[in-house]
Amino acid sequence: MADIIKLLPDHVANQIAAGEVVQRPASVVKELLENAIDAGADTIKLIVKEGGKALIQVVDTGSGMSATDARLSFERHATSKIKSANDLFNLQTKGFRGEALASIAAIAHVDMQTRIADDELGTHLKIEGSKVIFQEPSATPIGTSISVKNIFFNIPARRNFLKSNQVELRHIIDEFHRVVLAHPDIEFHLFNNGSEIFNLPRTTFRKRIVGVFGSKMNERLVPLEEETEVITISGFICKPEFAKKSRGEQFFFANGRFIKSPYLHHAVANAFEGLIKPDSNPGYFLNLHVDPASIDINIHPTKTEVKFEDENTLYAILRSTVKHGLGQFNVLPSLDFERDQNLDTPYSYVQKEAVFPKVSVDSSFNPFEKGERITQDFKKSSVKGWETLYESLPTETLEGMQLESSSVEQGAIEAMDDLRIQNPPIFQLHRKYVVTSVKSGMLVIDQNRAHQRVLFERYLGAMTVEKGASQQLLFPVEIEITKNELATINEIYTSLVNIGFIFEETDSEKLVVKGVPSGIAENNTVELLHQIIAEYQSDELEGLSTQAELLAGILCKKLAIKNGDLLQPESQMALVSDLFSCKETLVSPFKKMIYITISRGDIEKKFM
Ligand code: ADP
Ligand code: MG
């Protein structure tokens, strides 16, 4: 038989290589952006149309190419970035395989204009399916502009395989995120179908993250910093309460390159264990700097999967760095670039002189008279507010009471003890926390969780101890209900009535409500009842077992003060005193920590 092996023509070989490098428009975006970065650009513009199917263009202010290089750049294995295999172990650039432009030109219509600083005229080059259509001198700015049109025009099977423009754009934006986050020192713009969707000036890593994900991201970030002999870690993790079910805000950058690493992801997730739900993912933006010789990037054509030399050690260091960061964030204020207005002195107070707090002692108080009166004051505290509460708490009695009430935890006793300051300073932070100073330092109270606890105990009491107060509705409200919903209402009827609902009649289709628990807005009645039914049926409140607990849980979740609600000083005080008259003060009904104490010692340590 005759010899049968033939070398493939270049354009066929290129198409095969393209299959590896270019899966979809987003892959082209990645390669072009990386080339612009390698060329030293300080501003990079990405322009896409129709999810990148019609056009992907990257305009950079980098070095540009000479006329010869411009032509050569489209040859396979043509690269300016490595010269020998040894260079692979000390890579400083994104690219090095010299395949991207050749692959892209094999499957699309490419138009390139480029000029180096030394030349007065640049080059204009057009290639379609690996075929050079023309190359001519042209007047063009220093740098490079490449546009890629009609991707996969010559491979219909692949073109048909592309998803909708929306989905392809999503992939492009993901790719864009990865690149811009790795390079906050470069200015980026992204235009989609003619409108600019990202405008990112050069800035710090933190501000770049916020620029990409929006201003609410700022308060979520916890900074990390760790330097060891094998790795330097820097960047941010997101606070546990912002962990999401979906993946998306997980970014590792190894020596400035976005990488995927399920193994290192596991290290981070492991450090979050116990702080987030098992099925949710922590967010992170972490820069890992290692010796370039200890990392192999050449194991996959798209270079997002890499191999580290000593992965086990990296795992351990990363895990403990994240754990450490999580431990610290409870006490470290976040370094906002915007001042929190809640911390500013209200305008009308600026000129006023500070009033010295008065100390008043209940002189009629008889310490041998048993502590009952005080206990009662505690129970009614929400009405009387904060000052009255603490005015009537002489030291001895409080201590006497502490010994009696074994149901109150030690931590709460201490906090309460500390609160015996006249007019303690109190303020709201980020519309989320109520902060107050106590003898031993300060308390930071989560307003939502604290109020959940207060309401939970109130409703629970109404169902089990004494009936809650009702408020008659001016006009009875009719609620349409299904058979299914009626069954639920019947099941929890007594509890609802105990909390304070008054029903006139219930039949198979409607429910007539004449009264609601006091404190509930009238116009909320319909929605609230539907929500109670839905929540009760969904059975999603973990840890609450009895019917009364479940109902109290549903109501307190719906009705508690939310994060973001602005609280007047009186309400802040009432909330704190209500909280500390609860049976349980440390954790919310859903087992979340209600407050943290930052001791004087902790604060002093920070200033050492
Ligand atoms: P690689 O990036 O792996 O070297 P590419 O095919 O992406 O391979 O690019 C080939 C060569 O073309 C690069 O090595 C570089 O010299 C040149 N090049 C590509 N894009 C640009 C650009 N935007 N500016 C300057 N030079 C570029
Ligand atoms: Mg490249």
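Preceding this paragraph is the structure being described.
This is a predicted model, so every value here is computed, not measured.

1. Overview of a negative patch on the surface
A contiguous patch of negative charge on the surface is contributed by Glu478, Glu480, Glu504, Glu505 and Glu509. Put simply, the parts of the chain that give the negative patch at least two residues each are β19 (470-480) and β20 (502-506). Positionally, Glu504 belongs in strand β20. On the basis of relative accessible area, Glu504 is assigned to the partly exposed category, the value being 48%.

2. Here we look at the pattern of salt bridges
Tallied over the entire structure, the rule returns 13 salt bridges. Two residues, Arg170 and Asp174, come together in a salt bridge whose shortest N-O distance is 3.2 Å. Within this pair, Arg170 and its partner Asp174 are both found in helix α6 (residues 165-182), separated by 4 residues, close to a single helical turn. You can call Asp174 partly exposed: its relative accessible area is 29%. For Lys244, the salt bridge identified is with Glu249, shortest N-O distance 3.0 Å. You can call Glu249 buried: its relative accessible area is 16%.

3. Focus: the pairing of strand β11 (residues 250-254)
Buried residues dominate β11, accounting for 5 of its 5 residues. Burial of β11 is two-sided: the residues Gln250, Phe252 and Ala254 facing one way and the residues Phe251 and Phe253 facing the other way are all buried. Judged from the 5 bridges that link them, β11 and strand β13 (residues 284-289) form a sheet pairing that is parallel. By the bridge assignment for β13, Phe252 is matched with Leu286.

Analysis parameters
Residues numbered from 1 in each chain as written. Chains lettered and ligands numbered in written order. Predicted model: local features only at pLDDT ≥ 70, side-chain atom pairs only at ≥ 80, totals over all residues. Heavy atoms only, no water. Patch = residues over 30% accessible without salt bridge, like charges linked within 9 Å, V, L, I, M, F, W, Y side chains within 5 Å. Areas by Shrake-Rupley, 256 points an atom, 1.4 Å probe, with all protein chains shown as cover. Salt bridge = Lys/Arg side-chain N within 4 Å of Asp/Glu carboxyl O. Lys, Arg positive; Asp, Glu negative; His and termini not counted. Charge placed at Lys NZ, Arg CZ, Asp CG, Glu CD. Helix = DSSP H or I, 4+ residues; strand = E, 2+ residues; numbered from the N terminus. Buried < 20%, exposed > 50% of the residue type's maximum accessible area, 1.4 Å probe, protein only. Pairing = 2+ DSSP bridges.

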